[in-house]
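# A structural walkthrough
Read off the chains here:
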Amino acid sequence: MTIDKSPDKIEYMFNELAKDYDRNNNIISFGLHNLIKCFAVKESGIKNGDVVFDLCCGTGDIAGLLSKIYSDIDISGYDFSDEMLEIARNKYPDIKFQKADITRLPVGSCLADAITISFGLRNVFDRSCAINEMYRVLKSQGRVIHLDFGKHNIFSHIFDVIVRFLIKNFSKSVSAYEYLLNSKSEFPEPTQLIEEFEKCGFKLLKRKNFLLGIISMQVFVK
Ligand SMILES: C[S@@+](CC[C@H](N)C(=O)[O-])C[C@H]1O[C@@H](n2cnc3c(N)ncnc32)[C@H](O)[C@@H]1O
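Reference entry: report on the structure contained in this document. All figures in this text were calculated on a predicted structure; none of them were measured in a lab. (Residues numbered from 1 in each chain as written. Predicted model: local features only at pLDDT ≥ 70, side-chain atom pairs only at ≥ 80, totals over all residues.)

Right, let's talk about the overall build of the protein chain for a bit. On a plain count of helices and strands, the protein chain comes out with 8 helices and 7 strands. The globule rule puts the C-alpha radius of gyration for 222 residues at 17 Å, and the 16 Å found for the protein chain is close to it. Contacts in the protein chain between residues far apart in sequence, at least 24 positions, make up 71% of those at least 6 positions apart. (Helix = DSSP H or I, 4+ residues; strand = E, 2+ residues; numbered from the N terminus. Rg over C-alpha atoms; globule rule 2.2 N^0.38 Å. Contact = placed C-beta atoms within 7 Å.)

Have a look at this one:
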């Protein structure tokens, strides 16, 4: 199946979804997404003093966690959805959140020690352009911490069935979550995604599975 991921359409969808986004995430993951994000951040190798860009920052979960765990990091969030950004700014007034398409970041080259991108790359129309852009803005030895749905295994299919049930019964955003399930099944499995990053010059440092492989994290280095 080919999904329409034209940037205008994705931006519109996330603007529409924004005010229910956190609530829906808690419903479909039974709150576990917070724990997984926390674990991913702790495994990331990010340290005090680092300059970190959180791409596709959405409502700011990862940026918020980073600023809570590390007292002295310079973190900026980037996303193209105004509505998601507004929620992020209200939740974390001390963090800089900026409107930007992550395939064209409004920053110079070789500036970041680390990039985090969680449940974002799956929605980007031109994935290789986004990965090249990450490479451009990272310092040498800089890291990308990527988190998203992982293997297309039996547990992942069971997850889809549960999400379909929960969204039908507890959410108003049925079509957006149809999109989520379709984009999840179309998104490359970790092994293929690793090849895509390697093609752009990255090296894999570590990978980790959560929830029996339904969610997966990779850490790459420039
Ligand atoms: C599923 S949300 C993830 C939010 C957050 N990172 C999290 O883990 O909860 C995906 C976000 O990616 C953003 N996004 C998708 N494509 C983008 C692009 N090309 N440039 C900037 N933001 C994009 C959407 O606006 C949305 O806020």
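Near the ligand lie 20 residues; those nearest to it are Phe14, Cys56, Gly58, Ser81 and Ser118. At the level of elements, helix H1 (7–29) and helix H3 (61–69) are the ones that each hand at least two residues to the shell around the ligand. Among the elements that take part in the shell around the ligand, H1 stands out by supplying 3 residues, more than any other. Counted by class, the shell around the ligand contains 11 nonpolar, 6 polar and 3 charged residues. (Near = placed C-beta within 6 Å. Nonpolar A, V, L, I, M, F, W, Y, C, P; charged D, E, K, R; others polar.)

On to the sheet that holds strand E3 (residues 96–99). Taken in spatial order, the 7 strands make up an open sheet running E3-E2-E1-E4-E5-E7-E6, and their pairing is mixed. In the strand order of this sheet, the two ends are held by E3 and strand E6 (203–210), each with one partner. Averaged over all adjacent pairs, the angle separating strand axes in this sheet is 15°, with direction ignored. Both E6 and strand E7 (residues 215–221) contribute to a ladder of 7 bridges, which runs antiparallel. (Pairing = 2+ DSSP bridges. Axes fitted to C-alpha atoms, helices over the stretch in contact; angles between N-to-C directions.)

Attention now goes to the pairing of strand E4 (residues 112–118). Most of E4 is tucked away: 6 of the 7 residues are buried. Note: strand E1 (residues 51–55) against E4, 4 bridges, orientation parallel. Its bridge partner lying in E4, Leu55 is registered against Ile117. Looking at chain direction, E4 and strand E5 (residues 138–149) are connected through 6 bridges and run parallel. Residue Ala114 lies in a different strand from E5, and its bridge partner there is Arg143. Handedness of the crossover is the feature at issue here: the chain leaves E4, passes through helix H5 (residues 127–137), returns alongside E5, and the resulting connection is right-handed. (Buried ≥ 20, exposed ≤ 12 C-beta atoms within 10 Å, placed from the backbone. Right-handed = clockwise from strand over helix to strand, strands pointing away.)

The N-to-C vectors of helix H6 (residues 154–170) and helix H7 (residues 174–186) enclose an angle of 170°; their axes lie 10 Å apart at closest approach. On the basis of their axis angle, the class for H6 and H7 is roughly antiparallel. Only Val174, Tyr177 and Leu181 of H7 make contact with H6, whose side of the interface consists of Asp160, Val163, Arg164, Ile167 and Lys168. Of the residues contributing to the contact of H6 with H7, the split by class is 5 nonpolar, no polar and 3 charged. (Parallel < 35°, antiparallel > 145°, perpendicular 65-115°, else oblique.)

This brings us to H6. Between its terminal C-alpha atoms H6 stretches 24 Å, which fits the 24 Å expected from 17 residues at 1.5 Å a residue. Among the residues of H6, those classed as buried are Phe159, Val163 and Ile167. Along the axis of H6, the buried positions cluster into a sector of 60°, meaning they face one direction only. Exposed positions of H6 whose direction lies more than 90 degrees from the buried face are Ile154, His157, Ile158, Val161, Ile162, Phe165, Lys168 and Asn169. Taken together, the buried residues of H6 touch H1 and H7. (Expected span 1.5 Å × (residues − 1). Arc of directions from axis to C-beta.)

With that out of the way, let us pick up the pairing of E3. Pairing of strand E2 (residues 74–79) with E3, which is carried by 4 bridges, proceeds in the parallel orientation. Paired with Tyr78 across the bridge in E3 is Gln98. Following the chain from E2 across helix H4 (residues 82–91) to the adjacent parallel E3, one finds a crossover that is right-handed.

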